[in-house]
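Descriptive analysis of the structure
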Amino acid sequence: MAPSKKPLVIVTRRLPDVIETRMMELFDTKLNLDDKPLSQAQLVEAVKTAEILVPTVTDRIDAAVLSQAGPKLRLIASFGTGVDHIDIKTARQRGITVTNTPGVLTEDTADMTMALILAVPRRLTEGERLLRDGEWSGWGPTHMLGNRIWGKRLGIIGMGRIGTAVARRAKGFGLSIHYHNRRRVHPDLEAELEATYWDSLDQMLARMDIISINCPHTPATYHLLSARRLKLLQPQAYIVNTSRGEVMDENALTRMLDRGELAGAGLDVFEHEPAVNPKLLKMDNVILLPHMGSATIEGRIAMGEKVIINIKTFADGHTPPDRVLETMF
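As the structure is a prediction and not an experimental result, all values here were calculated from the model. (Residues numbered from 1 in each chain as written. Predicted model: local features only at pLDDT ≥ 70, side-chain atom pairs only at ≥ 80, totals over all residues. Heavy atoms only, no water.)

Right, let's get into the domain arrangement of the chain. Note: interface size is frequently given as the accessible area lost on complex formation between the parts. Domains assigned within the chain are domain 1 (8-100 + 296-328) and domain 2 (105-288). The centre of domain 1, based on its C-alpha atoms, is set 32 Å off from the matching centre of domain 2. Every contact between the two is made by eight residues of domain 1 and, on the other side, five residues of domain 2. Taken together, the connections running from domain 1 to domain 2 amount to one salt bridge. Note that Arg-244 and Asp-84 form a salt bridge whose closest N and O atoms lie 3.4 Å from each other. Connecting domain 1 to domain 2 are three residue pairs in polar contact (both at pLDDT 80 or more). In terms of residue class, the side of domain 1 that touches domain 2 is built from three nonpolar, four polar and one charged. (Domains from an automatic or database assignment. Contact = heavy atoms within 4.5 Å. Salt bridge = Lys/Arg side-chain N within 4 Å of Asp/Glu carboxyl O. Polar contact = N/O pair within 3.5 Å; in protein donor to acceptor, adjacent residues only side chain to side chain. Nonpolar A, V, L, I, M, F, W, Y, C, P; charged D, E, K, R; others polar.)

Take a look at the structure:
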């Protein structure tokens, strides 16, 4: 019996070597060896010819791109958890299945979130810059004073996998856990975390010392932290975002930080990535990271393995385990 034809898989960015090697073995794979993000014209060309597309969060697979998809394209196996870069509704209408890679980045992203929760109030990067610039003249009783986090109130927006993992870490550092979520979590989890649920996001924001954004970006969460809501925060509050930049009005946040209406921020994501508001770059009380919350070797390999499983399952005629449904978002 002749072997079955391997599906044509087009990958939009460089993936870990071990993942690319395995994909080459299993599928007819076209790689992006120079790792330059594809232009919209290149994405259109890819969807015209591919049977399976493997994009990342930086590839905007919108209705304009999908409208030009060839008849062979039946699966978009996204390398990433978030799917806000893909028009799920249009994909469904065209009979294209979409998958993602949930669950494998929870601990990595929670680690980065906790790192920012610690680093911003204690002015860690500011102190490091001071030392590197040769401006440190020695210890002093009032030098580089930050704020203690033990006993402070942490408000988590989005108590899913990552939000829960953040809460577990934060509890160990003596933070009081509060959260706002679409649905209240199970009472057993609330009891474990000693967490307080707030049905009203506005009321929670007004009472917290630190806010951590851990919800996905969807049409419902775009600018969830609007200029109005940001003004509810206390001037001594800090805000940390390792989710998606679009969840928060970045310009409004920048204005408040510039006026001293917030104590500081830790941002791993930005509203118009890779662009960052120039004013943020000049602020000492803001830690800025290049969207690296999930950037671990182990995490990237685990993501790639999920992509392979989704493709292989789909190619074998079965429903892939990480199929994204429109109702999820």
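So, next bit.
Spatially, 8-7-6-9-10-11-12 is the arrangement adopted by the seven strands of the open sheet, whose pairing is parallel. On the outer flanks of this sheet lie strand 8 (196-197) and strand 12 (286-288), each paired with one strand and no other. In terms of strand pairing, strand 9 (residues 210-213) meets strand 10 (residues 238-241) through four bridges, oriented parallel. Of the residues in strand 10, the one forming a bridge with Ile-213 is Asn-241. (Pairing = 2+ DSSP bridges. Helix = DSSP H or I, 4+ residues; strand = E, 2+ residues; numbered from the N terminus.)

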